[in-house]
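Residues per chain, in single letters:
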Amino acid sequence: MRKFFGIMLLVGAMLASSTGITRAAETFKIGISGYPETLHPAFSSSAVQSYILGFVRRPIMVYNHDWKVACLMCETVPSFENGLAKRVPLKDGKEGVQLSLSIPADAKWGDGTALTTKDVAFSIEVGQNENVAVANKEVFNRIVDFNIVDDQHFTVTLDRIDYTYNAFMGVEILPSHLEKAIYDEDPATYQKRSLYVTAPDTPGLWFGPYLVKKVITASAVMLEANPYWWGKKPQIQSIQLRNFENTAALEASLRAGEIDYTPGEIGLSLDKVITFEKRFGDKYDFLYKKGLSFYHLDVNSAFAPLGDKRVRQALLYAIDRDEISQKLFDGKNAPTLDFIHPDDPVFTDDVPHYQFDPQKADALLNEAGWTRTGNAMRKNAQGETLHFTLYGATESSTGQLIQQVLQNRWKQAGIDVDILNQPARVLFGETLPQRKFDGLAMFGWISAPEHLPLTILKSDQIPTAENHFEGQNYTGYNNPKVDALIDQIELELDFDKRVPLWHELQKIYATDLPALPLYHGENGFIFPKWLKGIRPTGHMYPSSLWAEEWYRTDQ
């Protein structure tokens, strides 16, 4: 899962030639909204980090534009049919799967050092260390054996055969020739001493079509073409990613020509793109892409009033999500039933629906013991006011507008709500992982097709100090039936048999409401008319992973 938020036509050969030389030296400037808490690929899972790292490194496998598993740092996706995956007995008597993989023979780090299986082995060593809090520990916990065949080939054995058995994702390759000595010195503090933190412009940290040339923390990242990139050479030689603290400044810079392009994944919010197109639609190209992003309100179940399911259901009945969709998004971003997108083949609408209904909200709150007199705020038998805080990111002006709409609706229902917004790096780097929010937190995440919500719903994924705040179950949701269903879904290889299990999981989710669903988001892209080759995916793997395909037509 992941979180959110051009130019001159050439008129003649001589002019085209001279202009092309000038433009070739220009930096392609991308305006983004947000900045990651770290550029270390193993320690974050935010959308903005994923977008930036897409230019400078590659996952072993991804979901491609057709939503199919594909290799980026391997040669062939293993399967039982092609013989690169095979069932193997494990020491505990169970059955696992062994995958045989090959990394590209000519792969190199940005300093010219060969990228080999030793780097993969080091990455797994880091991820499996119990004193190192990587973003997705579960991936490493499932690796029971890893063997280097030679510099290019390796086998990895996983502790189970699940429906994604051949998708080896989540292990981010790290440069052992630079990072191992730092890690060996003290694994527990490696995260803070890594070169990704202290010297992110070190060429040998990266291996994508671009290298990080310079970092201005929280403001900008400058990239340049990687001379050791073994794939298709990118036409665009240098890129600047500029972070804008507010979307008004991002929009103004786009109009002023200070930036060239803003990506739908982490650029202007959908409402801003819609408004921008109405004003300047003849000067830019626009693309709206539906996708697997899910905007919602995480509920901290440890906060007493919200631990009551009736209160959570009342909160959803008390807000008008259709009103938000129509007024802010021209009908786009329609309200959602739960975390499964309607285009996902496992989706069902046979779950509880929560249309705007103040009377139902009132009844549920009264039943839960939160009553009111006249227009006063609701109180319980102890005289305590029904009150909580609604958290969000300071970078999202649209999110802040939605917060105000929600606050007003809940006030009408007799619920006192404060709004507290934090920089995204604080919200996602500390407040959510350490469950410091006393109420609700509004944000979005984006996933892959038929993505198992293991890290956000299973009880063993609740971050605590004891587990070094690993896991993304920020709500603290704990339901043994859901734990069992997730295990069942994961191990069922027959799609037709998985579907009813998914439907049961969705019904429980929509009833329990560990998070309050708002909408599945669309992304709006604003292109200069000379920029071509960008293909959004609609899922968690960003368009920047194919940046070498981008090109300008004005050169």
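Not measured: the values here are computed from a predicted model.

Draft legend 1. A look at the pairing of strand S7 (residues 153-158). Counting buried residues along S7, 5 of its 6 residues qualify, which places the element largely inside the surrounding structure. Relative to S7, strand S5 (residues 95-102) runs antiparallel, the two sharing 6 bridges. Looking across to S7, one finds that leucine 99 is bridged to valine 156. Looking at chain direction, strand S6 (residues 143-148) and S7 are connected through 5 bridges and run antiparallel. Bridge pairing in S7 links isoleucine 143 to leucine 158. Here S6 folds back onto S7 in antiparallel fashion, the turn holding 4 residues.

Draft legend 2. Seen up close, the nonpolar core. Ranked by size, the top nonpolar core spans 82 residues in total, and within it Ile30, Phe55, Phe168, Leu241, Tyr261 and Trp550 carry the most contacts. The element best represented in this core is helix H2 (residues 47-56), accounting for 7 residues. Ignoring anything within four residues of it in the chain, the contact list for tryptophan 550 reads Phe28, Ile30, Tyr51, Phe55, Gln235, Ile236, Tyr261, Lys532, Gly533, Ile534, Ser543 and Ser544. Val299, Tyr354, Trp370 and Met442 belong to the second-largest nonpolar core, a separate cluster that totals 37 residues.

Draft legend 3. Inspection of the UniProt feature "domain: Solute-binding protein family" (unreviewed entry) in the chain at higher detail. Per the UniProt annotation, the sites labelled "domain: Solute-binding protein family" (unreviewed entry) are residues 105-447. Summarising residues 105-447: 31% helix, 20% strand, and an end-to-end C-alpha distance of 30 Å.

Draft legend 4. The sheet that holds strand S8 (residues 210-216), seen in detail. Strand order in the open sheet formed by 4 strands is S1-S10-S9-S8, with mixed pairing between adjacent strands. Across the chains shown, the open sheet's two edge strands, defined by having one partner strand only, are strand S1 (28-32) and S8. Averaged over neighbouring strand pairs, the angle between their axes works out to 20° when direction is ignored. Pairing of strand S9 (residues 220-225) with strand S10 (residues 238-243) involves 5 bridges; the strand directions are antiparallel. From the neighbouring strand, methionine 222 faces S10, where its bridge partner is glutamine 240.

Draft legend 5. Broad picture of the side chain of glutamate 179. Structurally, glutamate 179 is set in helix H5 (residues 176-185). For the buried glutamate 179, no salt bridge exists, and the shortest N-O distance to an oppositely charged side chain is 8.8 Å, to arginine 193. Side chain to side chain, glutamate 179 and serine 194 meet in a polar contact 2.5 Å long. Beyond its immediate stretch of four places on either side in the chain, glutamate 179 contacts His40, Phe122, Tyr190, Ser194, Leu195, Tyr196 and Leu205.

Draft legend 6. Quick look at the layout of surface pockets. Of the voids in this model, the largest pocket is the one considered here, and its volume is about 1,000 Å³. In this structure, the largest pocket is lined by 38 residues; those nearest its centre are Glu37, Thr38, Phe43, Gln191 and Gly429. The element contributing the most residues to the lining of the largest pocket is helix H14 (residues 424-431), with 5 residues. Broken down by class, the residue content of the lining of the largest pocket amounts to 20 nonpolar, 12 polar and 6 charged.

Draft legend 7. Structural detail: H5. Every buried residue of H5 is accounted for by Ser176, Glu179, Ile182 and Tyr183. The buried residues of H5 occupy an angular sector of 155° when projected down its axis, which confines them to one face. The exposed residues of H5 that point more than 90 degrees off its buried face are Ala181 and Glu185. Each element contacted by the buried residues of H5 is listed here: helix H3 (117-128), helix H6 (190-193) and helix H7 (195-198).

Rules behind the numbers
- Residues numbered from 1 in each chain as written.
- Predicted model: local features only at pLDDT ≥ 70, side-chain atom pairs only at ≥ 80, totals over all residues.
- Heavy atoms only, no water.
- Buried < 20%, exposed > 50% of the residue type's maximum accessible area, 1.4 Å probe, protein only.
- Helix = DSSP H or I, 4+ residues; strand = E, 2+ residues; numbered from the N terminus.
- Pairing = 2+ DSSP bridges.
- Core = buried A, V, L, I, M, F, W, Y, C linked by side-chain atoms within 4.5 Å.
- Contact = heavy atoms within 4.5 Å.
- UniProt positions renumbered as here; feature names shortened; annotations may be inferred.
- Axes fitted to C-alpha atoms, helices over the stretch in contact; angles between N-to-C directions.
- Lys, Arg positive; Asp, Glu negative; His and termini not counted.
- Salt bridge = Lys/Arg side-chain N within 4 Å of Asp/Glu carboxyl O.
- Polar contact = N/O pair within 3.5 Å; in protein donor to acceptor, adjacent residues only side chain to side chain.
- 1 Å grid on protein atoms, 1.4 Å probe; cavity = no way out; pocket = protein on both sides within 12 Å on 5 of 7 lines; lining within 4 Å.
- Points joined across faces, edges and corners; volume = space filled by probe spheres on them.
- Nonpolar A, V, L, I, M, F, W, Y, C, P; charged D, E, K, R; others polar.
- Arc of directions from axis to C-beta.

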